[in-house]
Amino acid sequence: MFERTEILSAIRSQTAKGIPILAAGSSCGLVAKCAALGGADMLVVYSTGLSRLMGLPTSRIGDSNARTIEMADEIRNVVSDVPVIGGVEAWDPVRLDLDRLLDRFWAAGYSGVINYPTISTMGDKWRDRRGRVGLGFDREVEMIALARKKNIFTMAYVASADDATAMTQAGADCIVPHVGATRGGLVGHDEGQAIQVAVKRINEINAAARAVRDDVVLLAHGGAVSEPEDTEEVYRSTDCVGFVGASSIERIPIERAVHAVTKAFKAIPMSRK
């Protein structure tokens, strides 16, 4: 397990050297092991990652919190030297006690939490509907604030400046501008925005967060920011010091690698004397 101050210290040390932070989505042991070997600073475990490994578009399937808690054993079994962050569905109607829920994530082996699945990206209609019954974005803000009080490392996905303000005020250690579903690959969103549009949205979100606290860590995610070269533009044009990759780490590379090696094996002629 990693303490909050330990994770933040490592982030500051890396960024001071000009080295970007990489939080790698890892929903199975093999991906986690390879990401850690590749230098990932954090592993982020999402229940939705299971859908990616099933060959499906990123989807919420079944009991998100229960699945994420169960996944900790597989990840921690093969990786022990990198912090593992768990995706918490704060608006889970059968787990209204957020204090107890956070304790379960910590006990499972998660050194930090992130608000995912998140309502921030779901549009005003869905947000309003959930908010009216007390299970909206405010629950995510409450979860992050409670984790901060417990001195647990926190990351917060946000899709708007207002959400960034709320999460930064709640004490989030990292704000992650979520600029849309990741484009590319077999089931990606290729009709997504241009990188220049993504950068503009990231800067709007970052400015709102920095207006609250100067020390908040800013990490980009999603949309047109899907390939390593895309992050060059992000680092050049925003205050982000790193990237959170989900489909970019645990879906698209697997699709390409398996496709390529299968074609390579099939291309070898079966010649005999």
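For the structure, check the block above.
Small disclaimer: the values here were computed from a predicted structure and weren't measured.

**Student:** Got a sec to walk through the packing of helix 2 (residues 29-37) against helix 4 (residues 64-78)? Specific residues and values, please.
**Tutor:** Running from N to C, helix 2 and helix 4 cross one another at 40°; their axes reach a closest spacing of 8 Å. With respect to each other, helix 2 and helix 4 are oriented oblique. Here the hand of the crossing between helix 2 and helix 4 comes out right-handed. Between helix 2 and helix 4, the contacting residues are G29, A32 and K33 on the first element and E74, I75 and V78 on the second. When the residues that make up the contact of helix 2 with helix 4 are grouped by side-chain class, the tally is 3 nonpolar, 1 polar and 2 charged.

**Student:** Please provide a residue-by-residue account of the nonpolar core, values included.
**Tutor:** Membership of the largest hydrophobic core comes to 51 residues, with the highest contact counts inside it found for L43, M143, M167 and I175. In terms of residues, this core owes the most to one element, helix 9 (residues 195-212), which gives 7 residues. Not counting the four nearest positions on each side in its chain, L43 is found in contact with A24, S26, A32, A35, A36, I75, V79, V82, P83, V84 and I85. F153, M155, C174 and L219 belong to the second largest nonpolar core, which has 21 residues in total.

**Student:** Explain the sheet that holds strand 4 (residues 112-115) to me, and be specific about the residues and the numbers.
**Tutor:** Taken in spatial order, the 8 strands of this closed barrel run 1-2-3-4-5-6-7-8, and their pairing is parallel. If you compare each strand with its neighbour and ignore which way they point, the axes differ by 25° on average. Bridging between strand 5 (residues 153-158) and strand 6 (residues 174-177) involves 4 bridges; their strand directions are parallel. The residue bridging M155 from the neighbouring strand is C174, located in strand 6. The strands touched by helix 1 (residues 4-16) within the sheet are strand 1 (21-25), strand 2 (42-45), strand 5, strand 6 and strand 7 (217-220), with strand 5 carrying the most contacts at an inclination of about 65°. Running at roughly 165° to strand 4, helix 7 (residues 137-149) makes contact with strand 3 (84-88), strand 4 and strand 5 of the sheet.

**Student:** Would you mind going over unusual backbone geometry in detail, with residue names and values included?
**Tutor:** Between Y116 and the following residue, P117, the backbone shows a cis peptide bond with an omega angle of 5°. Position of P117 among the secondary structure elements: in the loop between strand 4 and helix 6 (124-132). For N151, which is not glycine, the phi torsion reads 65° and is therefore positive. Checked against the element boundaries, N151 lands in the loop between helix 7 and strand 5.

**Student:** Give me the lowdown on the pattern of salt bridges, citing residues and values where you can.
**Tutor:** Enumeration according to the criterion identifies 14 salt bridges in this entry. The partner of D92 in a salt bridge is R95, and the shortest N-O contact between them spans 2.6 Å. One salt-bridge network, in which partners are shared between bridges, spans D63, D92 and R95.

**Student:** Run through the pairing of strand 8 (residues 242-245), naming residues and quoting values.
**Tutor:** Neither face of strand 8 is left uncovered, since the one carrying G242 and V244 and the one carrying F243 and G245 both have all their residues buried. Sheet topology note: the strand 1/strand 8 ladder contains 4 bridges and is parallel. From the neighbouring strand, A23 faces strand 8, where its bridge partner is V244. Two strands pair when backbone bridges link them, and strand 7 and strand 8 are joined in this way by 2 bridges, in the parallel orientation. Each residue of the ladder has a partner; that of L219, found in strand 8, is G242. In the classification by handedness, the crossover that spans strand 7, the intervening helix 10 (residues 228-237) and the parallel strand 8 is right-handed.

**Student:** How would you summarise the side chain of T231 if you had to cite specific residues and measurements?
**Tutor:** By secondary structure assignment, the location of T231 is in helix 10. Filtering out sequence-adjacent residues up to four positions away, T231 remains in contact with V225 and F243.

**Student:** Pulling in residues and values, what's your account of helix 5 (residues 98-108)?
**Tutor:** Among the residues of helix 5, those classed as buried are L98, L101, L102 and F105. Across the axial projection of helix 5, the buried residues extend over an arc of 95°, all falling on one side. Exposed positions of helix 5 whose direction lies more than 90 degrees from the buried face are R100 and A107. Where helix 5 is buried, its residues contact helix 4, strand 3, strand 4 and helix 7. The N-cap of helix 5, judged by a side-chain oxygen 3.2 Å from the amide nitrogen of D99 a few residues on, is D97. Looking at the residues trailing helix 5, positive phi occurs at G109, about 120°.

Conventions adopted
- Residues numbered from 1 in each chain as written.
- Predicted model: local features only at pLDDT ≥ 70, side-chain atom pairs only at ≥ 80, totals over all residues.
- Heavy atoms only, no water.
- Axes fitted to C-alpha atoms, helices over the stretch in contact; angles between N-to-C directions.
- Helix = DSSP H or I, 4+ residues; strand = E, 2+ residues; numbered from the N terminus.
- Parallel < 35°, antiparallel > 145°, perpendicular 65-115°, else oblique.
- Left-handed = near helix turned anticlockwise from the far one by under 90°.
- Contact = heavy atoms within 4.5 Å.
- Nonpolar A, V, L, I, M, F, W, Y, C, P; charged D, E, K, R; others polar.
- Core = buried A, V, L, I, M, F, W, Y, C linked by side-chain atoms within 4.5 Å.
- Buried < 20%, exposed > 50% of the residue type's maximum accessible area, 1.4 Å probe, protein only.
- Pairing = 2+ DSSP bridges.
- Salt bridge = Lys/Arg side-chain N within 4 Å of Asp/Glu carboxyl O.
- Right-handed = clockwise from strand over helix to strand, strands pointing away.
- Arc of directions from axis to C-beta.
- Polar contact = N/O pair within 3.5 Å; in protein donor to acceptor, adjacent residues only side chain to side chain.

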